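Structure assessment
Spelled out, the chains give:
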Amino acid sequence: QVQLVESGGGTVQAGGSLRLSCTASGRTFSRHAMGWFRQAPGKEREFVAGISWTEWSTNYADSVKGRFPISRDNAKNTVYLQMNSLSPEDTAVYYCAAKPGMRIGMRSDEYDYWGQGTQVTVFS
C-alpha cells in the first residue's frame, strides 16, 4: 500500500515557477514508477510527466517538455515536479500517482495509487 500527499500548489503569474512535491508513505516507494497528471475544469485527466523506479527514465507530455522537469529522491520517498514558464493553460489540479514496477505509464488507469491533488492557478 502506498499513500501519496501532494504539496506546493498555488497561484502564480504567467512566466513564474512552482515546485510540486509528492511524499509517499510505504516501504515500497522505490519500487514504483511515479507520474504527475493534471485535470482542468471540464477536461479529462491528462498525463504530465513520469519517472521510472530507477530515475534513469523520464517521459513528458509534449505540452510541458522542456518546462516541467520531474525528479525523485527515493531516500526521502518524494517525487518533484518543477514547473517553469507557467502559462494560464497550465491551470489545473495536479495529481501524483504511483504504479508498481519500473515502467512509466502514460494512462491514468495504469496507476494504482493517487494523491488528493493540489491546485495550480496561473493568471496572465
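Let me sum up the structure you'll find in this document. All values reported here derive from a predicted model rather than from experimental measurement.

Re the sheet that holds strand E7 (residues 70-73)
For sheets, the rule is that strands pair by backbone hydrogen bonds, running either parallel or antiparallel. With antiparallel pairing, the four strands of this open sheet are ordered in space as E1-E3-E8-E7. Two strands lie at the open edges of the sheet, namely strand E1 (3-7) and E7, each paired on one side alone. Ignoring strand direction, the axes of neighbouring strands in this sheet form an average angle of 20°. Across four bridges, E7 lies against strand E8 (residues 78-83) in antiparallel orientation. Within the sheet, the bridge partner assigned to Asp 73 lies in E8 and is Thr 78.

Observations regarding the pairing of strand E9 (residues 92-100)
Most of E9 sits out of view: seven of its nine residues are buried. In this sheet, E9 lies alongside strand E4 (residues 32-39) in antiparallel orientation, the contact comprising eight bridges. Its bridge partner lying in E9, Trp 36 is registered against Cys 96. Pairing of E9 with strand E10 (residues 113-114) involves two bridges; the strand directions are antiparallel. In the sheet register, Ala 98 faces E10, and the bridge partner there is Tyr 113.

Details of unusual backbone geometry
The backbone of Asn 77 shows a phi angle near 55°, a positive value even though the residue is not glycine. As for its placement among the helices and strands, Asn 77 is situated in the loop between E7 and E8. For Asn 77, a relative accessible area of 21% corresponds to the partly exposed category. Phi is positive for Ser 85, close to 50°, though the residue is something other than glycine. On the accessibility criterion, Ser 85 (45% relative accessible area) is partly exposed.

Quick notes on the side chain of His 32
Counting through the fold element by element, His 32 comes out in strand E4. His 32 has contacts with Val 2, Trp 53, Arg 72, Ala 98, Lys 99, Pro 100, Gly 101 and Tyr 113, leaving out every residue within four places of it along the chain.

Considering the packing of aromatic side chains
Counted by the stated rule, this structure contains five aromatic pairs. When the centroid spacing of 5.1 Å and the interplanar angle of 55° are considered together, the rings of Phe 37 and Trp 114 count as tilted. With Phe 37 in strand E4 and Trp 114 in strand E10, the pair connects residues that are 77 residues apart, well separated along the chain. Judged by its relative accessible area of 1%, Phe 37 is buried. Residue classification places Trp 114 among the partly exposed residues on the basis of a relative accessible area of 28%. Between Tyr 95 and Trp 114, the aromatic rings sit 6.4 Å apart at their centres with planes inclined by 80°, giving edge-to-face as the arrangement. Residue Tyr 95 is located in strand E9, and its partner Trp 114 is located in strand E10; the two are separated by 19 residues in the primary sequence. Tyr 95 sits in the buried class, given a relative accessible area of 14%. Put simply, the rings of Phe 37, Phe 47, Tyr 95, Tyr 111 and Trp 114 touch in pairs and so form one group of aromatic residues. Just above the ring of Tyr 95 sits the side chain of Arg 45; from NZ or CZ to the centre is 3.8 Å. A cation sits over an aromatic face here: Arg 45 above Trp 114, 4.8 Å from the ring centre.

Each value, and the rule that gives it
Residues numbered from 1 in each chain as written. Predicted model: local features only at pLDDT ≥ 70, side-chain atom pairs only at ≥ 80, totals over all residues. Heavy atoms only, no water. Pairing = 2+ DSSP bridges. Helix = DSSP H or I, 4+ residues; strand = E, 2+ residues; numbered from the N terminus. Axes fitted to C-alpha atoms, helices over the stretch in contact; angles between N-to-C directions. Buried < 20%, exposed > 50% of the residue type's maximum accessible area, 1.4 Å probe, protein only. Contact = heavy atoms within 4.5 Å. Phe/Tyr/Trp six-rings, centres within 6.5 Å; stacked < 30°, edge-to-face > 60°. Lys NZ or Arg CZ within 6 Å of the ring centre and 35° of its normal.

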